[in-house]
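# Chain and residue survey
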Amino acid sequence: MANTGRLGQLACAALLSLGWAAHASAATTIEGSVDSLSYNSSDPGLVIYANALTLPSFTLDPGESFEVDVLNIGTNEGSVSFFEDTVPFSIAVDFIFTNPNGVSGSPITGTTRGFFRAFSSCGLIFGGCGQVSWGSPSVFNFGNGGQFSLALSDAEFGTPGNATVRGSFTLISDSAPAVPEPATWAMMLLGLGLVGGAMRSTKRRKKINVSYA
């Protein structure tokens, strides 16, 4: 029976190793786009425009990041008004993802405003500049414990002028498989077969000793 126990332990170890390796090597493909934009498009405040850019498909392992252009943002105003355009107004970007399935998360929010910076191209003599400042990154959930974050970069632009907002995607964790993969099932069946075969072999070799008085 010692051989039977040993084979069973080896089969279980192989099964656990295979399952861990299959999950550890899993990568997540992210595909999505900007779903909606909300920003200050009329007076009062700095009037801006924003256009969503096409996001590529990319694949990440846990801990990896990928940067991509997300928005083109700017203003057609020729200068910044001291009392009107320097007041912050809210901006929000909502995303939709087709891969992975079932992604849920909150819009990324921030503010836009006009400003002046002395001794620069954003100084008073040049009419000032506009800027967008974003809040905390948004965390998106998917599958069974999968998560990725998305942070948007702050940007400054002239009056008139525009700039590109970049997004940094980071895969926090991939989605754990809900059921064993086919390879795992095959290893499980192989392990059970080895244990069963060893037990039958042990029974065949077992002898009954009979003593006579």
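The present account deals with the structure reproduced in this document.

## Here we look at a nonpolar patch on the surface
Together, Phe-82, Phe-83 and Leu-124 make up a nonpolar patch on the protein surface, roughly 420 Å² of accessible area in all. Here Phe-82 is to be found in the loop between strand E4 (65–75) and strand E5 (89–99). Taking the relative accessible area as the measure of exposure, Phe-82 reaches 48% and is therefore partly exposed.

## Topic: the pattern of salt bridges
Under the defined criterion, the tally for this structure stands at three salt bridges. Linking Arg-117 and Glu-156 is a salt bridge whose minimum nitrogen-to-oxygen distance equals 2.7 Å. Of the two residues, Arg-117 sits in the loop between strand E6 (108–115) and strand E7 (129–134) while Glu-156 sits in strand E10 (residues 155–158), which places them 39 residues apart along the sequence. Of the residues examined, Arg-117 reaches a relative accessible area of 36% and is grouped as partly exposed. Overall, Glu-156 belongs to the partly exposed group, its relative accessible area being 40%. Each of Glu-67, Asp-69 and Arg-166 takes part in a single network of salt bridges with overlapping partners.

## Description of the side chain of Thr-159
Residue placement: Thr-159 occurs in the loop between E10 and strand E11 (161–173). A distance of 3.4 Å separates a polar side-chain atom of Thr-159 from the backbone oxygen of Gly-127. Within polar-contact distance, the side chain of Thr-159 engages the backbone oxygen of Gly-128 at 2.8 Å. With residues up to four places along the chain from it excluded, the contact list for Thr-159 reads Thr-75, Glu-77, Gly-78, Ser-79, Val-80, Phe-126, Gly-127, Gly-128, Cys-129 and Gly-130.

## Overview of the sheet that holds E5
Strands sit in the order E3-E1-E5-E6-E7-E10 across an open sheet of six strands; the sheet is antiparallel. In the strand order of this sheet, the two ends are held by strand E3 (58–60) and E10, each with one partner. Pairs of neighbouring strands in the sheet enclose a mean axial angle of 35 degrees, with direction left out of account. Sheet topology note: the E7/E10 ladder contains four bridges and is antiparallel. Looking at the pairing, Val-132 lines up with Ala-155 of E10.

Definitions and limits used
Residues numbered from 1 in each chain as written. Predicted model: local features only at pLDDT ≥ 70, side-chain atom pairs only at ≥ 80, totals over all residues. Heavy atoms only, no water. Patch = residues over 30% accessible without salt bridge, like charges linked within 9 Å, V, L, I, M, F, W, Y side chains within 5 Å. Areas by Shrake-Rupley, 256 points an atom, 1.4 Å probe, with all protein chains shown as cover. Salt bridge = Lys/Arg side-chain N within 4 Å of Asp/Glu carboxyl O. Helix = DSSP H or I, 4+ residues; strand = E, 2+ residues; numbered from the N terminus. Buried < 20%, exposed > 50% of the residue type's maximum accessible area, 1.4 Å probe, protein only. Polar contact = N/O pair within 3.5 Å; in protein donor to acceptor, adjacent residues only side chain to side chain. Contact = heavy atoms within 4.5 Å. Pairing = 2+ DSSP bridges. Axes fitted to C-alpha atoms, helices over the stretch in contact; angles between N-to-C directions.

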